[in-house]
Amino acid sequence: MIGHGMRRGLGWPLAAAVAATMVLAVAGDARAATSRAESKATAAAGTTRADVRQAMRRLRALGVPSVRTLVVRPGARERYAQGPRRLGRPGRARIGDVMRVGSVTKMMTATLIMQLAQEGRLQLDEPVERVLPGVVPGGGHITIAQLLGMRSGLYSYNRSPVFAEQAGRDRDRVWTPPELLAFAFAEPPDFPPGERFEYSNTNTIILGLVIEALTGRSYHEAVQERIAAPLGLRRTAIGMDATLPRPHVDGYVFEGGRRVNATSWTPTWGWAAGGAYSTPPEIGRFVRALMAGRLLEPGAVATMVDRASEFAHPGFPPMRYGLAVNWVKTRCGWMYGHGGEISGYRTWALADRRGRRSVVISAAVGSTPQEDLAPVVERRLTPLLHAAACRAFRR
C-alpha cells in the first residue's frame, strides 16, 4: 500500500504536468495551424487577376512568345492568354489551343500502371523482370514502384551525349522505345535500386512497355481507352509523329541566342515519359479527375501521393515526388500534379488534393537535348505559379 501510495503521490503531479504540457502543445499547434491557414487565406484573397497577368508579362519578357494560364475553382474558371499562336502571323493564342505537355505524360503513364495494379495484373513491389523478362538489366532487383518513384538508379537516356547529338542532327526521326533504352543501358546505373531519388526518363519508358505487355494494346491506345475516352478528352493523345492538331500554339527554343520554331520537331523521344499533347482545359480536367478519384480508387491515389521523396531543383518551389505525382508547395497551399517540358513547350498541371481546384500553365518555350532552359524560365514561371494557385484557393 505504501508503494502504491508513493507511486500515486509522485505520478499524479507528473501526470498533471504532462497533461497540461500536452494541452498547451496541442493548443500551440492549433494556433500555429490556424495562423498558417489564415495567412494562406489572406494571400489567396489578396492575389488579383492583375497579379496573374503581370507574372505572365514578366515571363514573356524573357522572350517567351505566348503564355496561357487556366485557373479552376468551385464556381469559377479564369482564363488568361497572352501572345500570338505563331510569331509573325495573325491570331492570338487561345486557352483551348493544343500544346505539347512533356512530362505531364508521366502522370498518365502512372495512372495506367495503378489501374493495372487495381485489376491485379501487377504488384507495385514486384520486380519489373516478371513483366518484361530480359529487357531491363538488373530488372530482378528493380520494382515497379521504384520506376514510378524515380528510385531505380537507371541512367536517363536523354542525358546521353550520343543521344543528344543524334536527336539534334535528325529532328524528324521517329524514335522507338528500344532505341531510347539502348542509350540508357549503355551507361552504368547511377546508384543501386532504392538508394535515393533521381529523376530519369528511362523509368517511364520502361513503364510504357509494361503497360503494352499487360494490356496487349499500344501505349497510345491504352491512354485513349483508359483515360481520354472516359474523361471526354478529345484533343489529348500521345504524339505518334511531329503532327500537332490545329488550332495549336507554336513552341520555340533558343539556339545560339535566337528563337527557333520547334513545333514540328518529333516528340517521339518522349513517348510514355513525355510524348503527349493536350489543351489547358483538358489536361486540367485530367489532373482534377485523378486527384478526385475518378480514374482510380481513393487508396490508389493516396499511394501515388504519399509514397514521396523530397527533392530540390534550382528555381523551383519546394517539392516532393510521389509515384509520378509532384507535390508543389505554393504560397497558398500544396498542389499535386506534374510539370512538363519538351522542345518548344513548358507546362504545369496541378490540382488540390480533393480535385476541386486546378492550375494549368503553358508557356511556348522549352529546352532541347543540347540546351537546358528550365532554370532560367522557372525563375519567372514560379511567381506565376504562386499567383495562379492563390487564385485557385480563393473562397
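Below, the structure is looked at part by part. (Residues numbered from 1 in each chain as written. Predicted model: local features only at pLDDT ≥ 70, side-chain atom pairs only at ≥ 80, totals over all residues. Heavy atoms only, no water.)

1. Regarding the sheet that holds strand E4 (residues 237–238)
- Here 3 strands make up an open sheet; going across it, the order is E3-E7-E4 and the pairing antiparallel. Whereas interior strands pair on both sides, the edge strands pair on one side only; in this sheet they are strand E3 (99–102) and E4. (Pairing = 2+ DSSP bridges. Helix = DSSP H or I, 4+ residues; strand = E, 2+ residues; numbered from the N terminus.)

2. A few points about unusual backbone geometry
- Omega for the bond connecting arginine 246 with proline 247 falls within 30 degrees of zero, at -5°, which places this linkage in the cis form.
- Along the chain, proline 247 turns up in the loop between E4 and strand E5 (252–255).
- Positive phi, normally seen in glycine, also occurs at methionine 150, with a value near 60°.
- Along the chain, the position of methionine 150 falls in the loop between helix H4 (144–148) and helix H5 (161–169).
- Positioned with a positive phi, alanine 324 is a non-glycine residue whose angle comes to about 65°.
- Judged by its relative accessible area of 4%, alanine 324 is buried. (Buried < 20%, exposed > 50% of the residue type's maximum accessible area, 1.4 Å probe, protein only.)

3. Details of the packing of aromatic side chains
- Counting across every chain of the model gives 10 aromatic pairs.
- When the centroid spacing of 5.8 Å and the interplanar angle of 65° are considered together, the rings of tryptophan 175 and phenylalanine 183 count as edge-to-face.
- By relative accessible area, which is 4% here, tryptophan 175 ends up buried.
- Centroid distance tyrosine 199 to tyrosine 321: 6.0 Å. Interplanar angle 85°. Geometry classified as edge-to-face. Separated by 122 residues along the polypeptide, tyrosine 199 in the loop between helix H6 (177–185) and helix H7 (201–215) and tyrosine 321 in strand E9 (residues 319–321) bring together distant segments of the chain.
- On the basis of relative accessibility, which here comes to 1%, the residue tyrosine 321 falls in the buried class.
- The rings of Tyr157, Phe163, Trp175, Phe183 and Trp269 are connected pair by pair, giving a single aromatic cluster.
- Here arginine 171 stacks its cationic end above the ring of tryptophan 265, 3.8 Å away from the centre of that ring.
- Positioned above the aromatic ring of tryptophan 175, the side-chain terminus of arginine 173 is 3.7 Å from the ring centre. (Phe/Tyr/Trp six-rings, centres within 6.5 Å; stacked < 30°, edge-to-face > 60°. Lys NZ or Arg CZ within 6 Å of the ring centre and 35° of its normal.)

4. A closer look at the sheet that holds strand E2 (residues 76–82)
- As summarised here, the arrangement of the 8 strands in space is E2-E1-E13-E12-E11-E10-E9-E8, forming an open sheet in which the pairing is antiparallel. The strands lining the two open edges of the sheet, one partner per strand, are E2 and strand E8 (309–311). The average angle at which neighbouring strand axes cross in this sheet is 20°, direction not considered.
- Pairing of strand E12 (residues 345–351) with strand E13 (residues 358–363), which is carried by 6 bridges, proceeds in the antiparallel orientation. Across the sheet, leucine 350 pairs through a bridge with valine 359, a residue of E13. (Axes fitted to C-alpha atoms, helices over the stretch in contact; angles between N-to-C directions.)

5. Description of the pairing of E12
- Of all 7 residues making up E12, 7 are buried, and the element is well covered by its neighbours.
- Here strand E11 (residues 333–342) hands over to E12 after 2 residues, with glycine 344 in that stretch at a positive phi of 100°.
- Hairpin geometry of E12 and E13 is characterised by an intervening segment of 6 residues between the two adjacent antiparallel strands and by a positive phi of about 75° at glycine 355.

6. A word on the packing of helix H3 (residues 105–118) against helix H10 (residues 280–292)
- Two elements in contact, H3 and H10, have axes whose closest approach is 11 Å; the angle formed by their N-to-C orientations is 40°. As far as their axial angle goes, H10 and H3 are oblique. Between H3 and H10 lies a crossing of left-handed hand. From H3, Met107, Met108 and Thr111 reach across to H10, where they touch Ile283, Phe286, Val287 and Leu290.
- Looking at the contact of H3 with H10 residue by residue, the class counts come to 6 nonpolar, 1 polar and no charged. (Parallel < 35°, antiparallel > 145°, perpendicular 65-115°, else oblique. Left-handed = near helix turned anticlockwise from the far one by under 90°. Contact = heavy atoms within 4.5 Å. Nonpolar A, V, L, I, M, F, W, Y, C, P; charged D, E, K, R; others polar.)

7. Points about the pattern of salt bridges
- Summed over all chains, the structure comprises 19 salt bridges.
- Glutamate 255 is the salt-bridge partner of arginine 171, the closest N and O atoms lying 2.3 Å from each other. Residue arginine 171 is located in the loop between H5 and H6, and its partner glutamate 255 is located in strand E5; the two are separated by 84 residues in the primary sequence.
- Residues joined in a network through salt bridges with shared partners are Arg159, Asp190, Glu195, Arg196 and Glu198. (Salt bridge = Lys/Arg side-chain N within 4 Å of Asp/Glu carboxyl O.)

8. Topic: the side chain of histidine 386
- Mapped onto the elements of the fold, histidine 386 is located in helix H12 (residues 374–392).
- The residues touching histidine 386, leaving out its near neighbours within four places in the chain, are Pro317, Lys329, Thr330 and Arg331.

9. As for the packing of H3 against H7
- Two elements in contact, H3 and H7, have axes separated by 10 Å at closest approach and are oriented at 40°. It follows from the interaxial angle that H3 and H7 lie oblique. Helix-helix and strand crossings are classified by hand; for H3 and H7 the assignment is left-handed. Residues Lys106, Thr109, Leu112, Ile113 and Leu116 of H3 form the contact with H7, whose participating residues are Asn201, Thr204, Leu207, Gly208, Val210, Ile211, Leu214 and Thr215.

10. Considering helix H8 (residues 219–231)
- An ideal rise of 1.5 Å per residue puts 18 Å on 13 residues; H8 measures up with 17 Å between its terminal C-alpha atoms.
- The largest bend in H8 is about 35°, located at glutamate 225.
- By the burial criterion, the buried members of H8 are Tyr219, Ala222, Val223, Arg226, Ile227, Ala228 and Leu231.
- Looking at the packing, one finds that the buried side of H8 touches H3, H7, E4, helix H9 (271–274) and H10. (Expected span 1.5 Å × (residues − 1). Bend = angle between axes of the 7 residues up to and from the residue.)

11. Section: a positive patch on the surface
- On the surface, Arg60, Arg92, Arg94 and Arg259 cluster together into a positively charged patch.
- Within the element layout of this structure, arginine 60 appears in helix H2 (residues 49–60). (Patch = residues over 30% accessible without salt bridge, like charges linked within 9 Å, V, L, I, M, F, W, Y side chains within 5 Å. Areas by Shrake-Rupley, 256 points an atom, 1.4 Å probe, with all protein chains shown as cover. Lys, Arg positive; Asp, Glu negative; His and termini not counted. Charge placed at Lys NZ, Arg CZ, Asp CG, Glu CD.)

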